[in-house]
Amino acid sequence: MCVKEIITVISVLLLLFPSTVKPRAVGGAQPAGGPQGGAPEGGGGGTLDVVAQFGAKADEKTDLSQPLLNAWKEACASPAPSQIVIPAGTFLLSRAALEGPCKGPVDIQVQGTIKAPPDPSHFKDDTWVIFSRIEGFTMSGGGIFDGQGALAWSKNDCHKNKKCTLFPINIRFNFLTNAYIHDITTKDSKQFNVNVLGCKNITFEHFTMEIKTGDDCISLGDGSKNVVVNGISCGPGHGISIGSLGKYKGEEPVAGIKIANCTITNTMNGVRIKSWPASYPGTASDMHFEDITMDNVSNPIIIDQQYCPWNQCDLKNPSRVKLSNISFKNIRGTAAGKEAVKIICSAGFPCEGVELADIDLTYTGPDGPAISQCSNVSPKLSGKQNPPICAAPAPTSPGGQAGPAKASPGGKASPGGKASPGGKASLGATA
C-alpha cells in the first residue's frame, strides 16, 4: 500500500491521552425536537436528534442509516457548529459513510447502542461505519458500536488463506484533522475494531475496545508519526506492534512513536518491531517503549526483521528497512518463553542507536532461566539486565542470517488503556 499522507492505523483496544483538541460547546445548540427534517432557526447549526427530527426508531429492526445520513448532510452543510444526537436505545445500522468536507464543526453524541447486522454476507466491503475527510470532528456520549461479530469469527480463514474475504471493520476514521473521540465503546467487531488512516492530530480518550482475537492489540503501520500510546491493557493476543514494514513499494517512514505505561498479559509478543525480509526500502526511527509490565508473555521484547508469518519468504536477502534510535526502558515481568529478548536486525541494514535499560524479565520453565538473542546490533546497555542482553549469539538460518522468530497460532487480544495516534494505525491487526 502506497500512502502519501501522514497516516495512523490503530486497531483494537484503546483508551487515549487527553486531546489537544478540547471539547467544545456547540454554538447555537438548541434542544432536540425542532422542525421535522430541518435545521433549527438561526442560520443552521444546533442540535439534530435522529429520532425526534429524522424518524429513527430504537427498535433494533428499523435501519438507522437514512435518518443518520440525513442528519449528517444537514449538519455538514451548516457553517455554524452542529451536534447530531443518537439518543438512548438500541438501533440497527446497516452501514454509514459520513463524509466531509463540512462547512462547520460537527459533533456526534452517541448515547445509545448501535448494532451491525450479524450476518457478514450483508456487507459488500470491509466497512461498517466510516468518518472521512472532516476537520474539527468530535464524537462522545458514552454509547456503543456493537459489530455483532460472533457469526463472522467462525468463518474467518485469513490465517491460512491470503485471498480470504475481509469482514467489516467497526469504525474507520479516514483523513480527519483535529479530531477528538472520547467516551465511546466499540465491541465484537467482525474484523478490526478501529482503523485510523491518514489522520492529523486525532486523539482518543476513554475510548474502550472490547476484543478477543488472535491478533495485535495495536498495530502501527507505515507513515505513523508522532504517536503516543499510554496506559493500554493488552492481552491475550499478539501484543503491541510497529509493522509489519517493507512489504509494499513506497511506504512512508515511521517516526516518533512512544509506547508507555502498558500492561501486556498472556500474549504471543509483548512490544515488537517487525519488517519483512527481501523488503522494499524504508525507515523507522525514534521508537521508544517505557514502563511496561509483562505477564506471561512468550516474546516480551522483539525486533524481528525476518518477519515471515507463512514461511514463504526469501531469507537470503535481508530486509531493507533501516531501524534506528530505539529504546526499551523499565520493562519488567514474566516471560512464557525462554528467549525473553530477541533483537534480530537486518544483515544489510543493521539497527543503530538501540538502547536497553532496566530490563528484568524472568522465566521459570524447565529449560532454564531466560536468555536473549541478538543479531546485527550493538545495543547500549544500562541498569539491570535480566536476562543478560546480547549474551548469546542468534542461531543462523541457511541463508546466513538469524532465523526469524516463530509465531504460534491464535491467541486473543483485549483492549483497554489510553492512546493518541498520529500516523497509520490499526486496532486488532494482523500478526
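Residues numbered from 1 in each chain as written. Predicted model: local features only at pLDDT ≥ 70, side-chain atom pairs only at ≥ 80, totals over all residues. Heavy atoms only, no water.

Novice: Please clarify how the state of the cysteines should be interpreted in this entry.
Specialist: Between two cysteines, a covalent bond joining their sulfur atoms is known as a disulfide. Scanning all chains against the criterion turns up 5 disulfides. Note on cysteine connectivity: C217 is disulfide-linked to C234, with sulfurs 2.1 Å apart. What sets the handedness of the C217 and C234 disulfide is the S-S torsion sign, and at about 85° it is right-handed. Taken as a pair, C217 in the loop between β14 (200-210) and β15 (218-220) and C234 in strand β17 (residues 233-234) lie far apart in primary sequence, 17 residues in all. There is no split in this pair, since C217 and C234 are both buried. What pairs with C345 in a disulfide is C351, and their sulfur atoms sit 2.0 Å apart. (Disulfide = S-S within 2.5 Å. Helix = DSSP H or I, 4+ residues; strand = E, 2+ residues; numbered from the N terminus. Buried < 20%, exposed > 50% of the residue type's maximum accessible area, 1.4 Å probe, protein only.)

Novice: Before we go on, may I ask you to explain the side chain of D49 in this structure?
Specialist: With respect to the secondary-structure elements, D49 resides in strand β2 (residues 46-49). Of the side chains with opposite charge, K57 comes closest to the buried, unpaired D49, at an N-O distance of 14 Å. Of the polar contacts made by the side chain of D49, one reaches the backbone nitrogen of A52; its length is 3.0 Å. (Lys, Arg positive; Asp, Glu negative; His and termini not counted. Salt bridge = Lys/Arg side-chain N within 4 Å of Asp/Glu carboxyl O. Polar contact = N/O pair within 3.5 Å; in protein donor to acceptor, adjacent residues only side chain to side chain.)

Novice: How do you make sense of the packing of aromatic side chains when you look at a structure like this?
Specialist: To describe a pair of aromatic rings, one takes the distance between the centres and the angle between the planes. Scanning the entire structure with this criterion turns up 8 aromatic pairs. Taking the centre distance of 5.0 Å and the plane angle of 75° together, the rings of F204 and F207 count as edge-to-face. Here the two residues F204 and F207 agree in accessibility, since each one is buried. Aromatic pair W276 and Y307: ring centres 5.1 Å apart, planes at 75°, arrangement edge-to-face. Of this pair, W276 sits in the loop between β20 (269-275) and β21 (282-297) while Y307 sits in the loop between β22 (299-304) and β23 (321-335), and the two are 31 residues apart along the sequence. Like Y307, W276 is buried. Put simply, the rings of W72, F131, F137, F173, F204 and F207 pair up and form one aromatic cluster. Sitting over the face of the ring of F175, R133 holds its NZ or CZ atom 4.4 Å from the ring centroid. (Phe/Tyr/Trp six-rings, centres within 6.5 Å; stacked < 30°, edge-to-face > 60°. Lys NZ or Arg CZ within 6 Å of the ring centre and 35° of its normal.)

Novice: For this particular structure, what's the right way to read helix α1 (residues 65-76)?
Specialist: Each α-helix winds once per 3.6 residues, and so residues spaced three or four apart point in a common direction. With 12 residues, α1 should reach 16 Å at 1.5 Å per residue; the first-to-last C-alpha distance of 16 Å fits that figure. All buried positions along α1 are accounted for by S65, P67, L68, A71, W72, E74, A75 and C76. Buried residues along α1 sit against β2, β3 (82-86), β5 (96-99) and β6 (106-110). (Expected span 1.5 Å × (residues − 1). Contact = heavy atoms within 4.5 Å.)

Novice: Where do I start with the pairing of strand β8 (residues 127-132) in this structure?
Specialist: Put simply, side chains in a regular strand alternate between the two faces of the sheet. For β8, the buried fraction is high: 6 of the 6 residues fall into the buried class. Note: β5 against β8, 4 bridges, orientation parallel. The partner of A97 across the bridge, within β8, is I130. Summarising the sheet, β8 and strand β11 (residues 169-174) pair through 5 bridges and their orientation is parallel. Looking at β11, one finds that I130 is bridged to R172. (Pairing = 2+ DSSP bridges.)

Novice: What's the story with the UniProt feature "active site" (unreviewed entry) in the chain in this structure? I'm lost.
Specialist: The feature "active site" (unreviewed entry), as given by UniProt, occupies H238 in the numbering adopted here. Among the secondary structure elements, H238 is positioned in the loop between β17 and β18 (240-245). (UniProt positions renumbered as here; feature names shortened; annotations may be inferred.)

Novice: Looking at this model, I keep getting lost on the pattern of salt bridges. Mind explaining?
Specialist: Two side chains with opposite charge may pair up if their charged atoms get near one another. Scanning all chains against the criterion turns up 8 salt bridges. With its nearest N and O atoms 3.5 Å apart, the salt bridge here joins E60 to K115. Residue E60 is located in the loop between β2 and α1, and its partner K115 is located in strand β7 (residues 113-115); the two are separated by 55 residues in the primary sequence. For E60, a relative accessible area of 43% gives the class partly exposed. The partner of K342 in a salt bridge is E339, and the shortest N-O contact between them spans 3.0 Å. Residue classification places K342 among the buried residues on the basis of a relative accessible area of 10%.

Novice: Before we go on, may I ask you to explain the pairing of strand β24 (residues 339-344) in this structure?
Specialist: The buried fraction of β24 amounts to 5 of the 6 residues, a majority that puts the element mostly inside the structure. Where β22 lies against β24, 4 bridges are found, and the strand directions are parallel. What sits directly across from I302, in β24, is K342. Where β24 and strand β26 (residues 371-375) come together, 5 bridges link them in parallel fashion.

Novice: Quick question: what am I supposed to make of unusual backbone geometry here?
Specialist: In terms of backbone geometry, most residues other than glycine have negative phi values and most peptide bonds are trans. For the bond from G100 to P101, the omega torsion is 5°, close enough to zero to count as cis. By the secondary structure assignment, P101 is in the loop between β5 and β6. Cis geometry is adopted by the peptide bond preceding P387, which originates at N386 and carries an omega value of 5°. Even without being glycine, D291 reaches a positive phi, approximately 55°. Summarising the element assignment, D291 is placed in strand β21. Residue D291 is classed as partly exposed on the basis of its relative accessible area, which comes to 34%.

Novice: It is not clear to me how the confidence of the model for the chain should be interpreted in this structure. Could you clarify?
Specialist: In regions of low pLDDT, the predicted coordinates are not meant to be interpreted in detail. Looking at the chain, pLDDT values average 83 and 80% of them are 70 or higher. In this model residues 1-43 is a low-confidence stretch, pLDDT under 50, and it forms 195 contacts with partners more than four residues away in sequence or in other chains. Every residue in residues 396-426 is under pLDDT 50, and counting partners more than four places away or in other chains gives 164 contacts. (pLDDT = per-residue confidence, 0-100.)

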